[in-house]
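# A look at the structure
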Amino acid sequence: SSKLQRENMYSQMLETYQKILENTAIPETQKSISSQEIANINNKKNAIMIAENLIKTKGFEDAVVSIGEDSVDVVLNYEELSSSDRAQIEDIVTRKTGYSVSQLVISKMQTTES
């Protein structure tokens, strides 16, 4: 559900910026900012998708990556995270997002028991 919420949020943002671009009453400076924001959102979405897919290849099926202003959160489903696994995840996320290891937070997915 986190991934779906994230996609909905990005879709709404892209739609808003697209409306600005299509509005003839909006100044070109605003349209330029909107174009840049569209590119930024698409770059984030790409980085997230690639990072999640690469993490999945390491055996973490339900990885969720979230890029904020100053940090990247990675939520994983694991019993125990080895230092080797942590290093591989840090490498993937830092390479794909451009954020440093100090800006990366890896946490365990909360599971609900039925």
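Every value quoted in this text rests on a predicted model; they were computed, and no experiment measured them.

## Let's talk about the overall build of the protein
A tally of regular secondary structure across the protein gives three helices and three strands. The N-to-C order of helical and strand elements in the protein reads α-α-β-β-α-β. The C-alpha atoms of the protein give 17 Å as radius of gyration, which overshoots the globular expectation for 114 residues (13 Å, by more than 25%). If one aligns the C-alpha atoms of the protein with their principal axes, the spans along those axes are about 55 × 35 × 20 Å. Looking at the protein as a whole, 27% of its 114 residues are labelled buried. Within the structure as shown, the protein displays about 7,600 Å² of accessible surface, and the carbon and sulfur contribution to it stands at 47%. On the protein, the mean spot of the 12 positive side-chain charges and the mean spot of the 17 negative ones are 4 Å from each other.

## Quick look at the sheet that holds strand β2 (residues 72-76)
Pairing within the open sheet is mixed, and its three strands lie in the order β1-β2-β3. In this open sheet, the two edge strands, each paired with only one partner strand, are β1 (64-67) and β3 (104-108). Each strand axis lies, on average, 15° off the axis of its neighbour in the sheet, ignoring direction. Its contacts with the sheet put helix α2 (residues 28-57) on β1 and β2, and the angle it makes with β1 is roughly 150°.

## Here we look at the packing of aromatic side chains
Tallied over the full model, the rule gives zero aromatic pairs. The lysine or arginine in question, Lys108, covers the ring of Tyr78, its NZ or CZ lying 6.0 Å from the ring centre.

## Section: the packing of helix α1 (residues 2-22) against α2
Here α1 crosses α2 at 160°, and the two axes come no closer than 9 Å. Classified by the interaxial angle, the pair formed by α1 and α2 is roughly antiparallel. Once α1 is placed against α2, the crossing between them reads as left-handed. Here Lys3, Arg6, Glu7, Tyr10, Met13, Leu14, Tyr17, Gln18, Ile20 and Leu21 of α1 lie close against α2, whose contacting residues are Gln30, Lys31, Ser34, Ser35, Glu37, Ile38, Ile41, Asn42, Lys44, Lys45, Ile48 and Glu52. Its residues assigned to classes, the contact of α1 with α2 comprises nine nonpolar, five polar and eight charged.

## Focus: helix α3 (residues 83-97)
Compared with an ideal rise of 1.5 Å per residue, which puts 15 residues at 21 Å, α3 spans 21 Å between its outermost C-alpha atoms and is within 8% of the ideal. All buried positions along α3 are accounted for by Ile89, Glu90, Ile92, Val93, Thr94 and Thr97. Contacts from the buried residues of α3 go to α2, β1, β2 and β3. Backbone geometry just after α3 places Gly98 at a positive phi near 85°.

## Quick word on the nonpolar core
With 23 residues, the main nonpolar core has Ile55, Val72, Val74, Leu76 and Ile89 as its most contacted residues. Those elements that provide at least two residues to this core are α1, α2, β1, β2, α3 and β3. Per element, the largest residue contribution to this core is six residues, and it comes from α2. Excluding residues within four positions of it along the chain, Ile89 makes contact with Ile55, Phe60, Val74, Leu76, Leu81 and Ile106.

Criteria and cut-off values
- Residues numbered from 1 in each chain as written.
- Predicted model: local features only at pLDDT ≥ 70, side-chain atom pairs only at ≥ 80, totals over all residues.
- Heavy atoms only, no water.
- Helix = DSSP H or I, 4+ residues; strand = E, 2+ residues; numbered from the N terminus.
- Rg over C-alpha atoms; globule rule 2.2 N^0.38 Å.
- Buried < 20%, exposed > 50% of the residue type's maximum accessible area, 1.4 Å probe, protein only.
- Areas by Shrake-Rupley, 256 points an atom, 1.4 Å probe, with all protein chains shown as cover.
- Lys, Arg positive; Asp, Glu negative; His and termini not counted.
- Charge placed at Lys NZ, Arg CZ, Asp CG, Glu CD.
- Pairing = 2+ DSSP bridges.
- Axes fitted to C-alpha atoms, helices over the stretch in contact; angles between N-to-C directions.
- Contact = heavy atoms within 4.5 Å.
- Phe/Tyr/Trp six-rings, centres within 6.5 Å; stacked < 30°, edge-to-face > 60°.
- Lys NZ or Arg CZ within 6 Å of the ring centre and 35° of its normal.
- Parallel < 35°, antiparallel > 145°, perpendicular 65-115°, else oblique.
- Left-handed = near helix turned anticlockwise from the far one by under 90°.
- Nonpolar A, V, L, I, M, F, W, Y, C, P; charged D, E, K, R; others polar.
- Expected span 1.5 Å × (residues − 1).
- Core = buried A, V, L, I, M, F, W, Y, C linked by side-chain atoms within 4.5 Å.

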